[in-house]
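Each chain is listed here by its residues.
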Amino acid sequence: MTPVTAATSPRELPHPARDDIRLEGVLHALSDPMRLRVVRELAAADTEVTCSDVELPVSKSTTTHHFRVLRESGVIRQTYRGTAKMNGLRRDDLDALFPGLLDAVLAAARDQAARLAAP
């Protein structure tokens, strides 16, 4: 598991430093269909979105778990803005550490979705 830096305040969530993000943690996070769906939606939005903007067909507690796995693996960054928890891809960090990985995963997920939707 990726080491996570401690939060400095109750409203600040812990995130791994760039150098602590591990490939196996990222791949694990991206291996779940619901988490991959979150990443695809964040990539498509190209901006930060709230947790409630990403609709998943699972319970709220399960959705919270998926976001936590993505954050702790270093795939997303979560920050509070007022009462909203904002989510954004850590694209710069992931591209610096694993060039092309995120784009390849997103392209493969898009191609798979198209293939599965075809009659």
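Coordinates for the structure precede this section.
Predicted model only: the values in this text are computed from it and were never measured. (Residues numbered from 1 in each chain as written. Predicted model: local features only at pLDDT ≥ 70, side-chain atom pairs only at ≥ 80, totals over all residues. Heavy atoms only, no water.)

A. A look at the overall build of the chain. When its secondary structure is counted, the chain shows 5 helices and 3 strands. For the chain, the N- to C-terminal ordering of α and β elements is α-α-β-α-β-β-α-α. The globule rule puts the C-alpha radius of gyration for 119 residues at 14 Å, and the 14 Å found for the chain is close to it. With respect to the principal axes defined by its C-alpha atoms, the chain has extents near 50 × 30 × 25 Å. Contacts in the chain between residues far apart in sequence, at least 24 positions, make up 59% of those at least 6 positions apart. With an accessible surface of roughly 6,900 Å², the chain has 54% of that area assigned to carbon and sulfur atoms. Charged side chains of the chain number 16 positive and 16 negative; the gap between the two group centres comes to 4 Å. (Helix = DSSP H or I, 4+ residues; strand = E, 2+ residues; numbered from the N terminus. Rg over C-alpha atoms; globule rule 2.2 N^0.38 Å. Contact = heavy atoms within 4.5 Å. Areas by Shrake-Rupley, 256 points an atom, 1.4 Å probe, with all protein chains shown as cover. Lys, Arg positive; Asp, Glu negative; His and termini not counted. Charge placed at Lys NZ, Arg CZ, Asp CG, Glu CD.)

B. Local environment of unusual backbone geometry. Positive phi values are uncommon outside glycine, yet D46 reaches one of about 55 degrees. One can find D46 in the loop between α2 (33-45) and β1 (49-50).

C. Just helix α1 (residues 23-30), in detail. When we look at burial in α1, the residues that qualify are G25, V26, A29 and L30. End-on view of α1: buried residues confined to an arc of 130 degrees, all on one side of the axis. (Buried < 20%, exposed > 50% of the residue type's maximum accessible area, 1.4 Å probe, protein only. Arc of directions from axis to C-beta.)

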